[in-house]
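Residues per chain are reported as follows:
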Amino acid sequence: MTERTTPARRICPDCDGFASAAVTLGGRDRRGHLRTITAYCPACNGLGVIRTRRTREGARA
């Protein structure tokens, strides 16, 4: 009986797997908290991986 394994997911080449980052806006709010926003990678939509195409065996490109 053969084992079925799922192929490894490819890491996004644009963000190298670090799909989101906290960016400081500078300064602090009234409570003393650092103001930040979250920026997501536009290529992978914040997932860190890209989808791979499944090819059938014997299929021609």
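Cut-off values and rules
Residues numbered from 1 in each chain as written. Predicted model: local features only at pLDDT ≥ 70, side-chain atom pairs only at ≥ 80, totals over all residues. Heavy atoms only, no water. Helix = DSSP H or I, 4+ residues; strand = E, 2+ residues; numbered from the N terminus. Buried < 20%, exposed > 50% of the residue type's maximum accessible area, 1.4 Å probe, protein only. Contact = heavy atoms within 4.5 Å. Areas by Shrake-Rupley, 256 points an atom, 1.4 Å probe, with all protein chains shown as cover. Pairing = 2+ DSSP bridges. Core = buried A, V, L, I, M, F, W, Y, C linked by side-chain atoms within 4.5 Å. Polar contact = N/O pair within 3.5 Å; in protein donor to acceptor, adjacent residues only side chain to side chain.

Draft legend 1. Quick look at the overall build of the chain. A count of helices and strands for the chain gives zero helices and four strands. Listing the helices and strands of the chain from first to last along the sequence gives β-β-β-β. Counting the 61 residues in the chain, one finds 11% classified as buried. Of the contacts formed within the chain by residues at least 6 apart in sequence, a portion of 46% connects residues at least 24 apart. When the accessible surface of the chain is totalled, it reaches about 6400 Å², and 47% of it is carbon and sulfur.

Draft legend 2. Focus on the pairing of strand β3 (residues 34-40). Here strand β2 (residues 20-28) runs beside β3; their pairing, made up of six bridges, is antiparallel. When the sheet's bridge partners are listed, Ser20 is paired in β3 with Tyr40. Count of turn residues in the β2/β3 antiparallel hairpin: five residues, of which Gly32 carries a positive phi of about 95°.

Draft legend 3. Spotlight on the environment of Cys44. The residue Cys44 is located in the loop between β3 and β4 (49-50) in this model. The class of Cys44 is buried, set by a relative accessible area of 5%. Taking C-alpha positions, Cys44 is 6.6 Å from Cys12, a pair spaced 32 residues apart along the chain.

Draft legend 4. Spotlight on the nonpolar core. Within the largest apolar cluster, five residues are counted, these being Cys12, Cys15, Ala19, Cys41 and Cys44. Residues within four places of Ala19 in sequence aside, it is in contact with Ala39, Tyr40, Cys41, Cys44, Gly46, Leu47 and Gly48.

Draft legend 5. Representation of the environment of Arg35 within the structure. Examined against the element boundaries, Arg35 turns out to sit in strand β3. Owing to a relative accessible area of 41%, Arg35 belongs among the partly exposed residues under this scheme. In the structure, Arg35 is positioned ten residues away from Leu25 in sequence and 5.6 Å away in space, judged by C-alpha atoms. Among all residues touching Arg35, those that are not within four sequence positions of it are Val23, Thr24, Leu25, Gly26, Gly27, Arg28 and Asp29. Among the polar contacts listed, one links the side chain of Arg35 to the backbone oxygen of Gly26, at a separation of 3.1 Å.

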